[in-house]
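The lines below spell out each chain.
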Amino acid sequence: MENQSIPLSLFEKILIFLSILIVVGVLFTIIGVWSNIPERIPIHYGFSGEADNYGNKSMLIILLVVITTAYASVLLSSKLQKSHFLRNNDEKGIKLYKNDRLMRIFIGLESVIIMAVIEIKTILISLGKAENLGNYTVPLIIILIFFTILFFYLQSRKMRNT
């Protein structure tokens, strides 16, 4: 059963498509405003959302490449975990694998959304159209990811106990 193909659900495919769409949208946004962005832009934000470090505008591209690579790694990592879940050749293992894969897709989508928000806000700040990320951005990011992991962990525990 380890080599068995477990196709993505329609919902998983939609989430992956949304992630790719967001990355492409951010790329086109960067390309569209590149000539208007100053050379020096915020590249790091403190917990309060205020910029606390500045660098070259090429960091926008680097962040996009890093998050895209990280997203691809998260998706591919579910393939590596497949044998862990399917080692007993049972239905419970398949359910646990699907839950784990969906969690990775969700976290990947959340990461892409976070990257998009930070990239767009950085562009707006650089163009003088915004002052900071906002006081609640960083705490909301932490809470969002924490509750996603907690939700899927509880789902997994429930599946293991049935």
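Residues numbered from 1 in each chain as written. Predicted model: local features only at pLDDT ≥ 70, side-chain atom pairs only at ≥ 80, totals over all residues. Heavy atoms only, no water.

Asks: Describe the pairing of strand 2 (residues 51-56), naming the residues involved and giving the relevant values.
Replies: Of the pairings in the sheet, the one linking strand 1 (residues 40-45) to strand 2 comprises five bridges and is antiparallel in character. If you follow histidine 44 over to strand 2, its bridge partner there is asparagine 53. Counted between consecutive antiparallel strands, the loop separating strand 1 from strand 2 contains five residues, among which glycine 49 sits at a positive phi close to 95 degrees. (Pairing = 2+ DSSP bridges. Helix = DSSP H or I, 4+ residues; strand = E, 2+ residues; numbered from the N terminus.)

Asks: Requested: an account of the packing of aromatic side chains, with residues and values cited.
Replies: The tally for this structure, following the rule as stated, stands at four aromatic pairs. Ring plane angle 50 degrees and centroid distance 6.0 Å describe the contact between phenylalanine 11 and phenylalanine 106, whose orientation is recorded as tilted. Note that phenylalanine 11 is positioned in helix 1 (residues 10-33) and phenylalanine 106 in helix 3 (residues 91-126), a separation of 95 residues in sequence. Accessibility expressed as a relative area gives 43% for phenylalanine 11, which makes it partly exposed. In this structure phenylalanine 106 comes out as partly exposed when scored by relative accessible area, which is 24%. An angle of 75 degrees between the planes, with centres 5.2 Å apart, marks the rings of phenylalanine 146 and phenylalanine 147 as edge-to-face. (Phe/Tyr/Trp six-rings, centres within 6.5 Å; stacked < 30°, edge-to-face > 60°. Buried < 20%, exposed > 50% of the residue type's maximum accessible area, 1.4 Å probe, protein only.)

Asks: Outline the pattern of salt bridges, listing residues and values.
Replies: Opposite charge on two side chains makes pairing possible when the charged atoms of those side chains draw close. Enumeration according to the criterion identifies three salt bridges in this entry. A salt bridge links glutamate 39 to lysine 57, with the shortest nitrogen-to-oxygen separation between them at 3.6 Å. In this pair, glutamate 39 sits in the loop between helix 1 and strand 1 while lysine 57 sits in the loop between strand 2 and helix 2 (59-85), placing the two residues 18 residues apart along the sequence. For aspartate 100, the salt bridge goes to arginine 104, with nearest N and O atoms at 2.7 Å. With aspartate 100 and arginine 104 both in helix 3, this residue pair falls four residues apart, about one helical turn. A relative accessible area of 11% means that aspartate 100 is categorised as buried. On the accessibility criterion, arginine 104 (17% relative accessible area) is buried. (Salt bridge = Lys/Arg side-chain N within 4 Å of Asp/Glu carboxyl O.)

Asks: Explain the confidence of the model for the chain to me, using residue names and the numbers behind them.
Replies: With 93% of its residues at a pLDDT of at least 70, the chain reaches an overall mean of 88. When mean pLDDT is taken per element in the chain, helix 1 scores highest with 96 and helix 2 scores lowest with 83. (pLDDT = per-residue confidence, 0-100.)

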